[in-house]
Amino acid sequence: EELWQKANSLWIQAGATDDSFAARPLLLEAEENLDQMLAKQPGHPGALDLQRRVKARLDESSQVRRVNWEGKLMTYPQNASLTRVVVQGVDVFVMDRSADIVYHHRLDEFQQSLEPETQDRILVRKGEQVGDILVGDLVDMVWMPVGSGRQKAGLVILEGSGSLLEYDPGTKSLTSSPLAMTDAWQLPHLVGSHSGRLYVLDLGANRIWRYGPTPDGYSSPPDEWLQTDIDLAGVRDMAVGDSIYLLYADGTIQKLTGGNPDAFDTSDWDVPPLGPTAIFTRTPNETQWVYVADAGNDRIVRSSKEGKLGGQFRLANSQAVGSDDPLANVSSLFVDEIGGRAYFPSDNNLYVIVLPEE
């Protein structure tokens, strides 16, 4: 009875304010009291109804949008380490770093499953000969648009010996091209792209190298893109738009513009990131928002490019943090805003979700 009265009192207090920040701690405390009460009286109809209303109000105050459809596109070997997914039109590329393989799938006409004949298609793997090189360990990959003199878009894959593999889905050609000054690298970790330019985040050298396109690939020496000392240790993922966004394992998000730190304020997020694993954005003409796979909180957060909360996505059938939820194990993220879909690997599976409309 005490728990029930307290929960009702907190609900009334939360309803008396329009300030979502002020209401949230009251709602969370009410939810905790209801959970304790329902553990003792599981079928109490009043408590079940109030619990539903509290959860709905919490979702509203935190700009939660529940995802009602998820699809498992593909299951890979049990020991796969799926570190990157790239989607371009109906072409889907997935990198498995443990096996050093890049898979190439195609979406069907409904974009909710893969064409069966492409499910096991391997684009490239370690040990294969591509042009003049024997493919080594695979590092990372990104879709490279045209621009800055580059005439053709395509997938680019960085391999461990310092060469760049390029794939054109239109011609189905896979080629290798040289990269300059790779002897200066120490531990290349991530790649990004912008208007034909290639960015290589080098953890060992604590540098972000920027390569401009040349007629034979990227054979001119790179620029040191960072204009000030930035500690890259702990960077888990990188997203390149008109600024570069670095996601650190501790949940920090660093925005860099023109090689210098820029403001990215997440103070209005309902809870800070907990063990985030992936970040995604592109240039404004392709992607309006920044997306963060916040695995520790079972969600994908959407923010403005200055950090302001613009919503978050949780699965409708996963109400509790720590439940069996694919969003708890996301290892890479790709968002198609025009198509309203997000693609992500989780454990050894590849998923697609349809993002709720506004």
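Asker: Please explain the overall build of the chain as it appears in this structure.
Answerer: Tallying secondary structure elements over the chain gives 3 helices and 27 strands in all. A globule of 358 residues ought to have a C-alpha radius of gyration of about 21 Å, and the chain, at 23 Å, matches this closely. Expressed along its principal axes, the backbone C-alpha trace of the chain runs to roughly 75 × 50 × 30 Å. Within the chain, residue pairs in contact and separated by at least 24 positions form 50% of the contacts whose partners lie at least 6 positions apart. Summed over its atoms, the accessible surface of the chain is roughly 16000 Å², and 48% of this surface lies on carbon and sulfur atoms.

Asker: Which parts of the structure should I look at to understand the sheet that holds strand β10 (residues 154-159)?
Answerer: Hydrogen bonds along the backbone pair up the strands of a sheet, which may run parallel or antiparallel. In space, the 4 strands of this open sheet follow the order β9-β10-β11-β12, with antiparallel pairing throughout. Both outer strands of the open sheet, β9 (138-144) and β12 (173-177), are each paired with one neighbouring strand and no more. The sheet shows a mean angle of 20° between the axes of neighbouring strands, taken without regard to direction.

Asker: What should I look at first to understand the sheet that holds strand β1 (residues 64-67) in this one?
Answerer: The strand order across the open sheet built from 5 strands is β1-β24-β23-β22-β21, with neighbouring strands paired in mixed fashion. Edge positions in the sheet fall to β1 and β21 (278-280), since each has one partner strand and no second. Neighbouring strand axes in the sheet, compared pairwise and without regard to direction, differ in orientation by 20° on average. Alignment of strand β23 (residues 299-303) against strand β24 (residues 309-315), held across 3 bridges, turns out to be antiparallel. Across the sheet, Val301 pairs through a bridge with Gln312, a residue of β24.

Asker: Help me understand the packing of aromatic side chains, please; the structure alone is not making it clear to me.
Answerer: Any pair of aromatic rings gets described here by the distance separating the centres and the angle formed by the planes. All chains considered together, the criterion is met by 7 aromatic pairs. Between the aromatic rings of Tyr199 and Trp225, the centroid separation amounts to 6.2 Å while the plane-to-plane angle is 90°, which identifies the pairing as edge-to-face. Of this pair, Tyr199 sits in strand β14 (residues 197-202) while Trp225 sits in the loop between β16 (223-224) and β17 (235-240), and the two are 26 residues apart along the sequence. Judged by its relative accessible area of 6%, Tyr199 is buried. Measuring from centroid to centroid gives 5.6 Å for Phe344 and Tyr351, while their planes differ by 20°, and the two rings are stacked.

Asker: Is there a simple way to think about the packing of helix α2 (residues 20-40) against helix α3 (residues 45-61) in this case?
Answerer: Two packed helices can be described by the angle between their axes and the distance between those axes. Running from amino to carboxyl end, α2 crosses α3 at an angle of 150°, the nearest separation of the two axes being 9 Å. Compared by their axis directions, α2 and α3 come out roughly antiparallel. As for how α2 packs across α3, the hand of that crossing is left-handed. Residues Ser20, Ala23, Arg24, Leu27, Leu28, Ala30, Glu31, Leu34, Asp35, Met37 and Leu38 of α2 pack against Ala47, Leu48, Leu50, Gln51, Val54, Lys55, Arg57, Leu58 and Ser61 of α3.

About the cut-offs
Residues numbered from 1 in each chain as written. Predicted model: local features only at pLDDT ≥ 70, side-chain atom pairs only at ≥ 80, totals over all residues. Heavy atoms only, no water. Helix = DSSP H or I, 4+ residues; strand = E, 2+ residues; numbered from the N terminus. Rg over C-alpha atoms; globule rule 2.2 N^0.38 Å. Contact = heavy atoms within 4.5 Å. Areas by Shrake-Rupley, 256 points an atom, 1.4 Å probe, with all protein chains shown as cover. Pairing = 2+ DSSP bridges. Axes fitted to C-alpha atoms, helices over the stretch in contact; angles between N-to-C directions. Phe/Tyr/Trp six-rings, centres within 6.5 Å; stacked < 30°, edge-to-face > 60°. Buried < 20%, exposed > 50% of the residue type's maximum accessible area, 1.4 Å probe, protein only. Parallel < 35°, antiparallel > 145°, perpendicular 65-115°, else oblique. Left-handed = near helix turned anticlockwise from the far one by under 90°.

By themselves, these observations are geometric and do not establish any function.
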